[in-house]
Amino acid sequence: MADLKAAFAQAQIDVKTITKRPSNDDFLALYSLFKQANDGDVKGSRPGMLDMVGRAKYDAWAKLKGTSADKAQQQYIDKVASLLKTHK
């Protein structure tokens, strides 16, 4: 478990070294996995129609409802590793 936490922390550092801009879907995946790993299931109400960015973030995070923190961390690590291969 300590290895997973260390790898998750390293992935948060590594993601900042990506030089090519990932797609919006990749950004949403990273955001939602990070939030699920740190905060658990989505809280609050869904943003209104005029807040398109907030609504997209909320929806992406809501899709991960019930995912454990450990699983979300591993998926985040895997996503960052994938992006590092294709966006360096």
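Residues numbered from 1 in each chain as written. Predicted model: local features only at pLDDT ≥ 70, side-chain atom pairs only at ≥ 80, totals over all residues. Heavy atoms only, no water.

Enquirer: So what exactly am I meant to see when it comes to the pattern of salt bridges here?
Expert: Pairs can form between side chains of opposite charge once their charged atoms are near each other. Following the criterion strictly, the structure yields three salt bridges and no others. Across the salt bridge formed by Asp39 and Lys35, the nearest N and O atoms sit 2.9 Å from each other. In this pair, Asp39 and Lys35 are both assigned in helix H2 (residues 24–39), four residues apart and thus about one turn of the helix distant. Its salt-bridge partner being Asp59, residue Arg46 comes within 2.7 Å of it at the nearest N-O pair. (Salt bridge = Lys/Arg side-chain N within 4 Å of Asp/Glu carboxyl O. Helix = DSSP H or I, 4+ residues; strand = E, 2+ residues; numbered from the N terminus.)

Enquirer: Would you mind going over the nonpolar core with me for this structure?
Expert: Core analysis: the biggest nonpolar cluster contains 14 residues, and Val15, Leu30, Tyr76 and Val80 have the highest contact counts within it. Breaking this core down by element, the ones donating at least two residues are helix H1 (2–14), H2 and helix H4 (69–86). Not counting residues within four places of it along the chain, the set of residues in contact with Val15 comprises Leu30, Tyr76 and Val80. (Core = buried A, V, L, I, M, F, W, Y, C linked by side-chain atoms within 4.5 Å. Buried < 20%, exposed > 50% of the residue type's maximum accessible area, 1.4 Å probe, protein only. Contact = heavy atoms within 4.5 Å.)

Enquirer: Honestly, the packing of H2 against helix H3 (residues 52–62) in this entry has me stumped. Any pointers?
Expert: When two helices pack together, their arrangement is given by the angle between their axes and by how far apart the axes lie. With their axes 8 Å apart at the nearest point, H2 and H3 run at an angle of 60° to one another. Put simply, H2 runs oblique to H3. At the point where H2 passes H3, the crossing takes the right-handed sense. For the pair formed by H2 and H3, the contact residues are Leu28, Tyr31, Ser32, Lys35, Gln36 and Asp39 on the first element and Ala56, Lys57, Ala60 and Trp61 on the second. Residues belonging to the contact of H2 with H3 are distributed by class as follows: five nonpolar, two polar and three charged. (Axes fitted to C-alpha atoms, helices over the stretch in contact; angles between N-to-C directions. Parallel < 35°, antiparallel > 145°, perpendicular 65-115°, else oblique. Left-handed = near helix turned anticlockwise from the far one by under 90°. Nonpolar A, V, L, I, M, F, W, Y, C, P; charged D, E, K, R; others polar.)

Enquirer: Would you take a moment to explain H4 for this structure?
Expert: In an α-helix there are 3.6 residues to a turn, and that puts residues three or four apart on one side. Between its terminal C-alpha atoms H4 stretches 26 Å, which fits the 26 Å expected from 18 residues at 1.5 Å a residue. All buried positions along H4 are accounted for by Ala72, Gln73, Tyr76, Ile77, Val80 and Leu83. All buried residues of H4 fall inside an arc of 140° around its axis, so they share one side. Elements in contact with the buried residues of H4: H1 and H2. (Expected span 1.5 Å × (residues − 1). Arc of directions from axis to C-beta.)

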